[in-house]
Amino acid sequence: MSDTTHDGAVALSTPPSADDGLSAAERAGKYGLTVSGARPGLFEYVHELWGRRHFIMAFSRAKLTAQYSQAKLGQLWQVATPLLNALVYFLIFGLILGTRKGMPQEVFIPFLVTGVFVFTFTQSSVMAGVRAISGNLGLVRALHFPRASLPISFSLQQLQQLLYSMIVMAVVVVGFGSYPSLSWLLIVPALVLQFVFNTGLALIMARLGSKTPDLAQLMPFVMRTWMYASGVMFSIPVMLQDKPEWIGRVLQYNPAAIYMDLIRFALIDGYGSENLPPHVWIVGLAWAAFIGVAGFVYFWKAEERYGRG
């Protein structure tokens, strides 16, 4: 179609389009367009994460290798750091404050070392989760991938670090008279439950930390309080035997204490079932399932908002 202008020139006019009158959503539907970075459905999201499993594994290994790359002792710090922490706690709490409360030394030292190593696993996962998104904004903004890959890979990194530390833990336990037995196999399900719990917690903290970077400054105080309330350096039932029973139960049923007790029970001969709260395995499973699922859904709900603003 053409029209003649006032000066005699011919101007072409655009023919009516088949898209005229369609809303933006209707046009997108017509041509199969989707919103960039839109949140997929929950099951589709799980499928995408499974497709990125090799990336998650490689990223966690790379982070683990790079963590101490500038230190002369390199990867030895993976076990030296919690071991030195255990030594400090033994000097302060074991010798000076006497928190072992009649617990034999051949039980107390493995008890303390195991507690420090296992709690460090949860503590490191939480702290890494806080920075998982805010500390990797370049990667988040440059590439399209399920953002949950980051906190999951950080939790996996901490699990790998704990597995290295387990060698030292086993040496300490054997050195104080607790030799390998079938009960050591209980370490596997206990660590699986703790890993699921830690991952769910890391996902929660990753979403919170993505919008509130100052959370990274607050969390060390929160984690230190949690450590002191979880019986890392002392037996909760023994230390609180003159307190109302409900206080001890609340502290024993907190997830950090549950997973420490399960691994202590598996490793240490002198740490029997009388030190564990009732239904400890069911409680450990419930914590892992609840926090794992709730953390994953909570993180997924904000998938399209990560890296924006």
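What this report covers is the structure whose coordinates are included nearby. Keep in mind it's a predicted model, so treat the numbers as computed, not measured. (Residues numbered from 1 in each chain as written. Predicted model: local features only at pLDDT ≥ 70, side-chain atom pairs only at ≥ 80, totals over all residues. Heavy atoms only, no water.)

## Focus on the overall build of the protein
- Counting its secondary structure elements, the protein contains 13 helices and 2 strands.
- A total of 309 residues make up the protein; the buried ones form 45% of that total.
- Taking contacts inside the protein between residues at least 6 apart in sequence as the whole, the part at least 24 apart equals 77%.
- Approximately 16400 Å² of the protein is accessible, and the part contributed by carbon and sulfur atoms is 67%. (Helix = DSSP H or I, 4+ residues; strand = E, 2+ residues; numbered from the N terminus. Buried < 20%, exposed > 50% of the residue type's maximum accessible area, 1.4 Å probe, protein only. Contact = heavy atoms within 4.5 Å. Areas by Shrake-Rupley, 256 points an atom, 1.4 Å probe, with all protein chains shown as cover.)

## Side note on helix H3 (residues 53–67)
- The end-to-end C-alpha separation of H3 is 21 Å, in line with the 21 Å expected for 15 residues at 1.5 Å each.
- Of all the positions in H3, only Ile-56, Phe-59, Ser-60 and Leu-64 are classed as buried. The arc enclosing the buried residues of H3, seen along the axis, measures out at 130 degrees, which places them on a common side. The exposed set on the far side of H3, more than 90 degrees from its buried face, consists of His-54 and Thr-65. (Expected span 1.5 Å × (residues − 1). Arc of directions from axis to C-beta.)

## Considering the packing of helix H5 (residues 105–130) against helix H12 (residues 255–267)
- As a packed pair, H5 and H12 sit with axes 9 Å apart at the nearest point and diverge in direction by 135 degrees. By the angle between their axes, H5 is oblique relative to H12. The interaxial crossing formed by H5 with H12 has right-handed handedness. In contact with Phe-111, Thr-114, Gly-115, Val-118 and Phe-119 of H5, H12 contributes Ala-256, Tyr-259, Met-260, Ile-263, Arg-264 and Leu-267.
- Looking at the contact of H5 with H12, its residues break down into 8 nonpolar, 2 polar and 1 charged. (Axes fitted to C-alpha atoms, helices over the stretch in contact; angles between N-to-C directions. Parallel < 35°, antiparallel > 145°, perpendicular 65-115°, else oblique. Left-handed = near helix turned anticlockwise from the far one by under 90°. Nonpolar A, V, L, I, M, F, W, Y, C, P; charged D, E, K, R; others polar.)

## A word on the layout of surface pockets
- As a volume, the largest pocket reaches approximately 630 Å³.
- In this structure, the largest pocket is lined by 32 residues; those nearest its centre are Thr-120, Gln-123, Ser-124, Met-127 and Gln-158.
- Elements with a contribution of two residues or more to the lining of the largest pocket: H3, helix H4 (77–96), H5, helix H7 (149–175) and helix H9 (215–228).
- The element best represented in the lining of the largest pocket is H5, accounting for 9 residues.
- Of the residues assigned to the lining of the largest pocket, the class counts are 16 nonpolar, 13 polar and 3 charged.
- Estimates place the volume of the second largest pocket at around 320 Å³.
- Lining the second largest pocket we find 14 residues, and of these Leu-49, Trp-50, Ile-56, Ile-152 and Phe-296 sit closest to its centre. (1 Å grid on protein atoms, 1.4 Å probe; cavity = no way out; pocket = protein on both sides within 12 Å on 5 of 7 lines; lining within 4 Å. Points joined across faces, edges and corners; volume = space filled by probe spheres on them.)

## Some thoughts on unusual backbone geometry
- Phi at His-279 is positive, roughly 55 degrees, even though this residue is not glycine.
- On the secondary structure map, His-279 appears in the loop between H12 and helix H13 (280–300).
- Taking the relative accessible area as the measure of exposure, His-279 reaches 60% and is therefore exposed.

## Remarks on the packing of aromatic side chains
- Using the criterion set out here, one finds 11 aromatic pairs in the structure.
- Ring geometry for Phe-197 against Tyr-259: centres 5.7 Å apart, planes inclined by 50 degrees, an arrangement best described as tilted. Pair noted here: Phe-197 is in helix H8 (residues 187–211) and Tyr-259 is in helix H12, with a separation of 62 residues, a long-range link.
- For the ring pair Phe-197 and Trp-287, a centre distance of 6.3 Å and an interplane angle of 85 degrees mean the geometry is edge-to-face. Taken together, the residues span a long stretch of sequence, with Phe-197 in helix H8 and Trp-287 in helix H13 at a distance of 90 residues.
- By relative accessible area, Trp-287 is classed as partly exposed at 29%.
- Among the aromatic side chains, those forming a connected cluster through ring pairs are Phe-119, Phe-197, Trp-226, Tyr-259 and Trp-287. (Phe/Tyr/Trp six-rings, centres within 6.5 Å; stacked < 30°, edge-to-face > 60°.)

## So, empty space enclosed by the protein
- This structure, assessed with the given rule, holds 1 cavity of 30 Å³ or more.
- Lining the largest cavity, in full, are Phe-111, Ser-230, Gly-231, Phe-234, Ser-235, Ile-236, Pro-237, Gln-252, Asp-261, Arg-264, Tyr-271 and Asn-275.
- For the lining of the largest cavity, the elements supplying multiple residues, two or more each, are helix H10 (236–239) and H12.
- The residue makeup of the lining of the largest cavity, split by class, is 5 nonpolar, 5 polar and 2 charged.

## Observations concerning the pattern of salt bridges
- One pass over the full model with this rule turns up 2 salt bridges.
- Here Arg-249 ties to Glu-245 by a salt bridge, and the two come within 3.8 Å at their closest N and O atoms. Here Glu-245 and Arg-249 lie together in helix H11 (residues 245–252), a separation of 4 residues that amounts to about one turn.
- We classify Arg-249 as partly exposed; its relative accessible area is 30%.
- When the shortest N-O distance is used, the salt bridge between Arg-264 and Asp-261 registers 3.7 Å. Residue Arg-264 and its partner Asp-261 are both found in helix H12; the two are separated by 3 residues, about one turn of the helix.
- According to the relative accessible area criterion, Arg-264 is buried, its value standing at 1%. (Salt bridge = Lys/Arg side-chain N within 4 Å of Asp/Glu carboxyl O.)

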